[in-house]
Amino acid sequence: MAQEMTVKSRAEAAEQPPPPAWLQIAAWVLTLGGLAISVYLTISHYDEGALVCSASKTVDCHAVTTSEYSTLAGIPMPLFGLAFFVAFGALMTPWALRSTWSPLRWGRVASTAVGVLFVVYLVTVELALLHKICLWCTGVHAITVLLFLLVLADEFRRVGQVD
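Attention here is on the structure that accompanies the text. What you see is a predicted model; the values in this text were computed from it and never measured.

1. A look at the packing of helix α2 (residues 21–46) against helix α7 (residues 135–157)
In step 1: Between α2 and α7, whose axes approach to 9 Å, the crossing angle comes to 155°. By the angle class used here, α2 and α7 are roughly antiparallel. At the point where α2 passes α7, the crossing takes the left-handed sense. Contacts from W22, L23, A26, A27, L30, T31, G33, G34, I37, S38, Y40 and L41 in α2 reach W136, C137, G139, V140, I143, L146, L147, L150, A153 and D154 in α7.
In step 2: In the contact of α2 with α7, the residues fall into 16 nonpolar, five polar and one charged.

2. Focus: the nonpolar core
In step 1: Formed by 21 residues in total, the largest nonpolar core has its most connected members in L41, F85, I143 and L147.
In step 2: Taken together, the elements giving at least two residues each to this core come down to α2, α3 (61–65), α4 (77–91) and α7.
In step 3: Of all the elements, α7 adds the most residues to this core, at six residues.

3. Thoughts on a nonpolar patch on the surface
In step 1: Taken together, the side chains of Y46, I75 and L79 define a hydrophobic patch exposed on the protein surface, amounting to about 280 Å² of accessible area.
In step 2: Along the polypeptide, L79 turns up in helix α4.

4. Here's the deal with α2
In step 1: For α2, with 26 residues, the first-to-last C-alpha span of 38 Å sits near the 38 Å given by 1.5 Å per residue.
In step 2: Of the positions making up α2, those classed as buried are L23, A27, L30, T31, G34, I37, S38, L41, T42 and S44.
In step 3: Contact partners of the buried residues in α2: α3, α4 and α7.

5. A closer look at the pattern of salt bridges
In step 1: By the definition in use, this model includes two salt bridges.
In step 2: E155 serves as the salt-bridge partner of R105, at 2.5 Å between the closest nitrogen and oxygen. Taken as a pair, R105 in helix α6 (residues 102–130) and E155 in helix α7 lie far apart in primary sequence, 50 residues in all.
In step 3: Taking relative accessible area as the criterion, R105 reaches 9% and is therefore assigned buried.
In step 4: E155 gets classed as buried once you look at its relative accessible area, which sits at 12%.
In step 5: Among the salt bridges present, the one from R157 reaches D154, with a minimum N-O distance of 2.9 Å. On the criterion of helical spacing, the pair formed by R157 and D154 is a turn pair, its members being three residues apart in helix α7.
In step 6: Residue R157 is classed as partly exposed on the basis of its relative accessible area, which comes to 27%.

6. Let's talk about α4
In step 1: With 15 residues, α4 extends 21 Å between its outermost C-alpha atoms, agreeing within 8% with the 21 Å of an ideal straight helix rising 1.5 Å per residue.
In step 2: Every buried residue of α4 is listed here: M77, P78, G81, F84, F85, F88, G89 and L91. Buried residues along α4 cover an arc of 155° about the axis, so they all sit on one side.
In step 3: Looking at the packing, one finds that the buried side of α4 touches α2, β1 (71–72), β2 (75–76), α5 (94–98), α6 and α7.

Reading the values: the criteria
- Residues numbered from 1 in each chain as written.
- Predicted model: local features only at pLDDT ≥ 70, side-chain atom pairs only at ≥ 80, totals over all residues.
- Heavy atoms only, no water.
- Axes fitted to C-alpha atoms, helices over the stretch in contact; angles between N-to-C directions.
- Helix = DSSP H or I, 4+ residues; strand = E, 2+ residues; numbered from the N terminus.
- Parallel < 35°, antiparallel > 145°, perpendicular 65-115°, else oblique.
- Left-handed = near helix turned anticlockwise from the far one by under 90°.
- Contact = heavy atoms within 4.5 Å.
- Nonpolar A, V, L, I, M, F, W, Y, C, P; charged D, E, K, R; others polar.
- Core = buried A, V, L, I, M, F, W, Y, C linked by side-chain atoms within 4.5 Å.
- Buried < 20%, exposed > 50% of the residue type's maximum accessible area, 1.4 Å probe, protein only.
- Patch = residues over 30% accessible without salt bridge, like charges linked within 9 Å, V, L, I, M, F, W, Y side chains within 5 Å.
- Areas by Shrake-Rupley, 256 points an atom, 1.4 Å probe, with all protein chains shown as cover.
- Salt bridge = Lys/Arg side-chain N within 4 Å of Asp/Glu carboxyl O.
- Expected span 1.5 Å × (residues − 1).
- Arc of directions from axis to C-beta.

This is the structure in structure tokens:
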């Protein structure tokens, strides 16, 4: 009897529905938007002439993207964004969403949480140290926070379901 319950619970877990379509579509649109901005910022990191942004007292993308904080351990910040959005896109594939392997779910949570930590760091640098804001960077920051909220919404939807 105990084995039947175990087999039955495994079968129910395997049939766990994927996130709702609206959540998947929103996550993909945001991921592709973040990827596009990250590609653009990566290109503009290596070719400063490619950066198109207003330059005023507060909004100055050039000042932010060429500051000493525009790299971390010698790696340009836009490359971190690029890696994040490519990896998150892989975690949002239909196969990964249908999988019952919990590390994929927790990978989505962990990656977006780390992304939000990067956002907090970068916004702090922009506002407190540089006193400048990059609108392109703000776009990536907003997308990252929205992806985190979508992932959390999906996790709250799954509360009470078998891991």
